[in-house]
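Residue-level structural notes
Single-letter residue listing:
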Amino acid sequence: MARREEFRILGMTPREIVSQFFSSSVGKVAAAFFIIMIVMSIYALIALPPNFGSLWTNVNYWRLNPKNAPPAWVNVFTGNIYAPQLYIRNYIFGSSFNEGTEYITASFSVNYDYRVPWQEFFIILNSPLVYTEQPPVVTVRITRPDGKVITIGPLPLNRQVMALGSTPQAFGQVSQFYLDNFGLSNVIPIGSSATPYIFYTVINNSLTPLKGTYHFDLFIYVFGANSSNAVSKNNLYFVLQGNVYGIMGTDFEGRDLWLGLIAGFPIDLAVGLMSAAIVVSIAILIGITGSFIGGLTDELLTRVMDFVILLPAFPLLIVLSVLFGWSIWDAVVFLALISWGASARVIRAMVLQIKNAQYLESAIIAGADRWWILRNHVLPQIIPFALYLLVTNVPGAILTLSAINFLGLAGSQLPTWGNILYYADLFGALTSGYWWWVIPPGLLIAFVAVVFILTAIALEPVVNPRLRYG
């Protein structure tokens, strides 16, 4: 009975290759980091909307968020200084009709226990009523912990998002509150929101945060023909704009940096893998073609390899990105097209070595044709090196494209880590102390590069038998 021949690559079965990869601590760490990267990429694709790239550049989408706000968890280390972002959707809602007018009440309480109060109070009404000639009217009554009451309004709800504290009525009525109750005038600086001053009291003639429970009552009147239940609990909610935000804070537009960072995982991974795949594919094609055919073809392709190796990839990428306004995918393809030279040289040298092996000469004498030799002897030995080249080319592509994004080129509209760093640099984030805007994307770029470098190190014993047995 004939013995079944076992499939081997470089003298190893696939199971032995996997076992060899995981036999070292580096391989285990690389695999663990790689899984984290894949999981984060899948999470980003599932959790973020498909049009997140366009939302990232839509300023209105982030208008409720504070600008340049540190992460919410800094309060753990600073002693609860900053009021966090607060979305109020769970409140007491009431509605009644009388003589063609709908009366709506909304009530909720918030506990204020911080030293820096909320920046703004937003009323969000997602209803066509706000665009009519006779929009709803709202009055806000705030009962403070000291028993004093601030009333703001009536104000027309004539837009989807109302910044209550920035209205002239709020400025005047909160200023009048301080004059009537504490004898202070000009408390609110011109051009500032009145919202933070709702949460202050006066002690020894100076403003001091008044901690405790604040009760908000909103009275909304919908007049005449508009009285049709168009205002409901589902399309009405409130936001107290904080001074800290989310897991990773916000940038100069109020964009949630946590969402930007996780969105960068699939983009940067795709950029690195796509560029490396093109590089390795071209390198295999050119390397095998030249060395296998030989003669003038090999000489010509070798000169082309030398020319490509000498091309200044990064300066060319900068110049052409500026001239043609390339997208990040244009830049990926171009970078790959001028980066395959060194890899092709490695493949060519390997094929030449295999081609001169004694067992191949025996196969040729026995009548084997080139395609049979290529399929059965050359490609199985090239594949592990091709995988190794793929892994080693990924970090270079990611770092190069991140650097291009950092310069505001090729894909500046996408939330890549390099793009986040570009805007951080443009708006002086580091010099302003906005570390949450600079350090995380920088660390993630380094993290992805390290993952692929560790993977390449763990693969070395597979492609180099001397390391395997020595």
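For the structure, see preceding data.
Moving on, we get to empty space enclosed by the protein. Under the counting rule described, the total for this entry stands at two cavities of 30 Å³ or more. When its volume is computed, the largest cavity comes out at roughly 40 Å³. If you trace the largest cavity, you find it lined by Ile267, Asp268, Val271, Ile328, Ile398, Leu401, Ser402, Asn405 and Thr416. If one sorts the elements of the lining of the largest cavity by residue count, helix α12 (residues 370–406) sits on top with four residues. A breakdown of the residues in the lining of the largest cavity according to their chemical character gives five nonpolar, three polar and one charged. Space inside the second largest cavity adds up to approximately 30 Å³. Around the second largest cavity, the lining residues are Trp56, Asp251, Arg255, Asn419, Ile420, Tyr423 and Trp437. No other element matches helix α13 (residues 417–426), which puts three residues into the lining of the second largest cavity. In terms of residue class, the lining of the second largest cavity is made up of four nonpolar, one polar and two charged.

Before going further, it helps to examine the sheet that holds strand β10 (residues 212–222). With antiparallel pairing, five strands are arranged side by side in an open sheet as β2-β3-β10-β5-β6. Whereas interior strands pair on both sides, the edge strands pair on one side only; in this sheet they are β2 (92–98) and β6 (149–156). Between one strand and the next, the sheet's axes are offset by a mean angle of 15°, whatever the strand orientation. Looking at chain direction, β2 and strand β3 (residues 101–112) are connected through seven bridges and run antiparallel. Within β3, the residue paired with serine 96 across the bridge is tyrosine 103.

All right, on to the packing of helix α11 (residues 358–365) against α12 then. Relative orientation of the contacting elements α11 and α12 amounts to 165°, with a least axis distance of 11 Å. Looking at the two axes, α11 sits roughly antiparallel to α12. By crossing handedness, the relation of α11 to α12 is classed as right-handed. Each of Tyr359, Leu360, Ala363 and Ile364 in α11 lies in contact with α12, whose residues at this interface are Trp372, Ile373, His377 and Gln381. Taken together, the residues of the contact of α11 with α12 sort by class into six nonpolar, two polar and no charged.

The next point concerns the side chain of threonine 302. If you trace the backbone, threonine 302 turns up in helix α7 (residues 295–310). Not counting chain neighbours up to four residues away, the residues in contact with threonine 302 comprise Arg345 and Arg348.

Attention now moves to the sheet that holds strand β7 (residues 161–163). Hydrogen bonds between backbone groups are what pair the strands of a sheet, and the pairing can be parallel or antiparallel. Taken in spatial order, the four strands line up as β1-β11-β4-β7 in an open sheet, and their pairing is antiparallel. Of all the strands in the sheet, the pair left with one neighbour each is β1 (86–88) and β7. Within the sheet, the average angular offset between the axes of one strand and its neighbour, ignoring direction, is 20°.

Glancing now at the pairing of β10. Residues in a regular strand point their side chains to alternate faces of the sheet. Across 11 bridges, the pairing between β3 and β10 is antiparallel. Its bridge partner lying in β10, threonine 105 is registered against phenylalanine 219. Direction of pairing for strand β5 (residues 137–143) relative to β10: antiparallel, over a ladder of seven bridges. When the sheet's bridge partners are listed, arginine 141 is paired in β10 with aspartate 217.

It is worth spelling out the pattern of salt bridges at this point. Under the counting rule described, the total for this entry stands at seven salt bridges. For the salt bridge of arginine 255 with aspartate 251, the shortest nitrogen-to-oxygen distance reads 2.7 Å. Taking relative accessible area as the criterion, arginine 255 reaches 6% and is therefore assigned buried. The closest approach of N and O atoms between aspartate 298 and arginine 348, which form a salt bridge, is 2.8 Å. Taken together, the positions of aspartate 298 in helix α7 and arginine 348 in helix α10 (residues 341–355) put the pair 50 residues apart, joining distant regions of the chain. A relative accessible area of 11% means that aspartate 298 is categorised as buried. A residue is classified by how much of its surface remains accessible, and arginine 348, at 17% relative accessible area, is buried. Here the salt bridges do not stand alone but share partners, grouping Glu299, Arg303, Asp306 and Arg345 into one network.

Here we take up the packing of aromatic side chains. Counted by the stated rule, this structure contains 36 aromatic pairs. Seen in terms of ring centroids, phenylalanine 52 and tryptophan 56 are 5.8 Å apart; in terms of plane orientation they differ by 45°. Their pairing is tilted. Of this pair, phenylalanine 52 and tryptophan 56 are both found in helix α3 (residues 52–56), four residues apart, which corresponds to roughly one turn of the helix. Residues phenylalanine 52 and tryptophan 56 agree in their burial class; the two are buried. Measuring from centroid to centroid gives 5.4 Å for phenylalanine 108 and phenylalanine 238, while their planes differ by 25°, and the two rings are stacked.

End to end, helix α5 (residues 168–182) covers 21 Å across 15 residues, agreeing with the expected 21 Å (1.5 Å per residue, within 8%). Within the sequence span of α5, burial applies to Ala170, Val174, Ser175, Phe177 and Tyr178. Taken end-on, α5 shows its buried residues confined to a sector of 150°, consistent with a single buried face. Residues of α5 that are exposed and angled more than 90 degrees away from the buried face: Pro168 and Asp180. Taken together, the buried residues of α5 touch β6, β8 (200–203) and β9 (206–209). Positive backbone phi, at 70°, marks glycine 183, one or two positions downstream of α5.

About the thresholds
Residues numbered from 1 in each chain as written. Predicted model: local features only at pLDDT ≥ 70, side-chain atom pairs only at ≥ 80, totals over all residues. Heavy atoms only, no water. 1 Å grid on protein atoms, 1.4 Å probe; cavity = no way out; pocket = protein on both sides within 12 Å on 5 of 7 lines; lining within 4 Å. Points joined across faces, edges and corners; volume = space filled by probe spheres on them. Helix = DSSP H or I, 4+ residues; strand = E, 2+ residues; numbered from the N terminus. Nonpolar A, V, L, I, M, F, W, Y, C, P; charged D, E, K, R; others polar. Pairing = 2+ DSSP bridges. Axes fitted to C-alpha atoms, helices over the stretch in contact; angles between N-to-C directions. Parallel < 35°, antiparallel > 145°, perpendicular 65-115°, else oblique. Left-handed = near helix turned anticlockwise from the far one by under 90°. Contact = heavy atoms within 4.5 Å. Salt bridge = Lys/Arg side-chain N within 4 Å of Asp/Glu carboxyl O. Buried < 20%, exposed > 50% of the residue type's maximum accessible area, 1.4 Å probe, protein only. Phe/Tyr/Trp six-rings, centres within 6.5 Å; stacked < 30°, edge-to-face > 60°. Expected span 1.5 Å × (residues − 1). Arc of directions from axis to C-beta.

The values reported here are purely geometric and, on their own, carry no functional implication.
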